[in-house]
Amino acid sequence: MSVLPLVFTSGWASGVNAYAVVLLLGVFGATGLSDDVPETLQRPEVLVVAGLLFLCEAVADKIPYVDSAWDAVHTVIRPVAGAWVGALLAGQSGSLSDVAAALIGGSTALASHTVKAGTRMAVNTSPEPFSNIALSLAEDLGVAGIVTFAIFHPTAAAIIAAVLLLAGLLVVYLLISRIRRFRRRRAQRREERQLAARRPT
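Basis of the calculations
- Residues numbered from 1 in each chain as written.
- Predicted model: local features only at pLDDT ≥ 70, side-chain atom pairs only at ≥ 80, totals over all residues.
- Heavy atoms only, no water.
- Helix = DSSP H or I, 4+ residues; strand = E, 2+ residues; numbered from the N terminus.
- Expected span 1.5 Å × (residues − 1).
- Bend = angle between axes of the 7 residues up to and from the residue.
- Salt bridge = Lys/Arg side-chain N within 4 Å of Asp/Glu carboxyl O.
- Buried < 20%, exposed > 50% of the residue type's maximum accessible area, 1.4 Å probe, protein only.
- Axes fitted to C-alpha atoms, helices over the stretch in contact; angles between N-to-C directions.
- Parallel < 35°, antiparallel > 145°, perpendicular 65-115°, else oblique.
- Left-handed = near helix turned anticlockwise from the far one by under 90°.
- Contact = heavy atoms within 4.5 Å.
- Nonpolar A, V, L, I, M, F, W, Y, C, P; charged D, E, K, R; others polar.
- Core = buried A, V, L, I, M, F, W, Y, C linked by side-chain atoms within 4.5 Å.
- Patch = residues over 30% accessible without salt bridge, like charges linked within 9 Å, V, L, I, M, F, W, Y side chains within 5 Å.
- Areas by Shrake-Rupley, 256 points an atom, 1.4 Å probe, with all protein chains shown as cover.
- Lys, Arg positive; Asp, Glu negative; His and termini not counted.
- Charge placed at Lys NZ, Arg CZ, Asp CG, Glu CD.

A.B. asks: Hey, could you run me through helix H4 (residues 66-93) in this one?
C.D. replies: Three- or four-residue spacings in an α-helix give side chains the same orientation, since the helix completes a turn every 3.6 residues. In this model, H4 (28 residues) spans 38 Å end to end at C-alpha, consistent with the 40 Å of a helix rising 1.5 Å per residue. Taking the largest bend as the criterion, H4 deviates by roughly 55°, centred on His74. Taken from the residues just after H4, Gly94 is the one with a positive phi, measuring 80°.

Given below as structure tokens:
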């Protein structure tokens, strides 16, 4: 069976939380739950590093503005991780070229990272921290659920990941449009106040 659905799903999940993807796939492979996971991801040092970085992300991701700074740093890391995992999965399966898998995994990770970073910037405008925590927990649980589902039902998981990605891109587009309209209105009001202040009394 083609590994393409698993590559796509792991790419989407890597754009949200790359360390969770590496950790989960490694654990599934090491425990024998999946034969599709390459040996590289099952190595103890890879699992330890992924686990520690996952814990760091779990904390940073729930603090307003720290999460956006973390996302900025991971603009390169997440797509590279998605490409790396995709290439490893393709090499293990042999049903898809490593280059094609890396391109699919990396580009999908970049797209989902854009959704994550964009929604976080919008959520950070809220004065309370609870929305950040709720969104972060939903992302963590979503990644865990989708990756686990993909191990046993890769095609269905890929369809879900594609729907989530398209919905997320639409939400980011709508948020950006609203932010632009808000900034235009604010600039217009500022200009009107400046003109009113210059008029002679």
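From this point, things continue past the structure.
A.B. asks: Explain the pattern of salt bridges to me, please; I cannot follow it from the model alone.
C.D. replies: Counted by the stated rule, this structure contains 9 salt bridges. Arg78 is the partner of Glu57 in a salt bridge, and the nearest nitrogen-oxygen pair spans 3.0 Å. Within this pair, whereas Glu57 is found in helix H3 (residues 44-60), its partner Arg78 is found in helix H4, the two being separated by 21 residues in sequence. By relative accessible area, Glu57 is classed as buried at 1%. Look at Arg78 and you get buried, because its relative accessible area is 0%. With a closest N to O distance of 3.2 Å, Asp140 and Lys62 form a salt bridge.

A.B. asks: Help me out: how do you make sense of the packing of helix H5 (residues 98-123) against helix H6 (residues 130-152) in this one?
C.D. replies: Angle between the axes and distance between the axes are the two parameters that describe a pair of packed helices. Interhelical geometry of H5 versus H6 gives an angle of 160° and a closest axis separation of 10 Å. Considering the angle they form, H5 stands roughly antiparallel to H6. Considering the relative orientation of H5 and H6, their crossing is right-handed. Every residue of H6 that contacts H5 at Lys116, Thr119, Arg120 and Val123 is listed here: Ser131, Asn132, Leu135, Ser136 and Glu139. Per-class residue counts for the contact of H5 with H6 are 2 nonpolar, 4 polar and 3 charged.

A.B. asks: How do you make sense of the side chain of Asn17 when you look at a structure like this?
C.D. replies: With respect to the helices and strands, the residue Asn17 is situated in helix H1 (residues 4-30). What Asn17 contacts, discounting residues up to four positions off in sequence, is Phe54, Glu57, Asp140 and Val143.

A.B. asks: Please clarify how the nonpolar core should be interpreted in this entry.
C.D. replies: The tendency in soluble globular proteins is for nonpolar side chains to be buried side by side. Within the largest apolar cluster, 32 residues are counted, with the highest numbers of intra-cluster contacts made by Trp12, Leu25 and Val143. At the level of secondary structure, the elements contributing two or more residues to this core comprise H1, H3, H4, H5, H6 and helix H7 (154-198). The leading source of residues in this core is H1, at 11 residues. Apart from residues lying up to four places away in sequence, Val143 is in contact with Ala13, Val16, Asn17, Ala20, Val21 and Leu24.

A.B. asks: Looking at this model, I keep getting lost on the environment of Glu128. Mind explaining?
C.D. replies: Looking at where Glu128 falls in the secondary structure, it is placed in the loop between H5 and H6. The spatial distance from the C-alpha of Glu128 to the C-alpha of Tyr19 is 27 Å, given a sequence separation of 109 residues.

A.B. asks: I tried to follow a positive patch on the surface on my own but got confused; where do I start?
C.D. replies: A surface patch of positive charge is lined by Arg178, Arg180, Arg181, Arg183, Arg184, Arg185, Arg186, Arg189, Arg190 and Arg193. Assignment of secondary structure puts Arg189 in helix H7.

A.B. asks: Explain unusual backbone geometry to me, please; I cannot follow it from the model alone.
C.D. replies: Peptide bonds are mostly trans, and most non-glycine residues show a negative phi. Phi at Tyr65 takes a positive value of approximately 70°, unusual for a residue other than glycine. Judged by relative accessible area, which is 55%, Tyr65 ranks as exposed.

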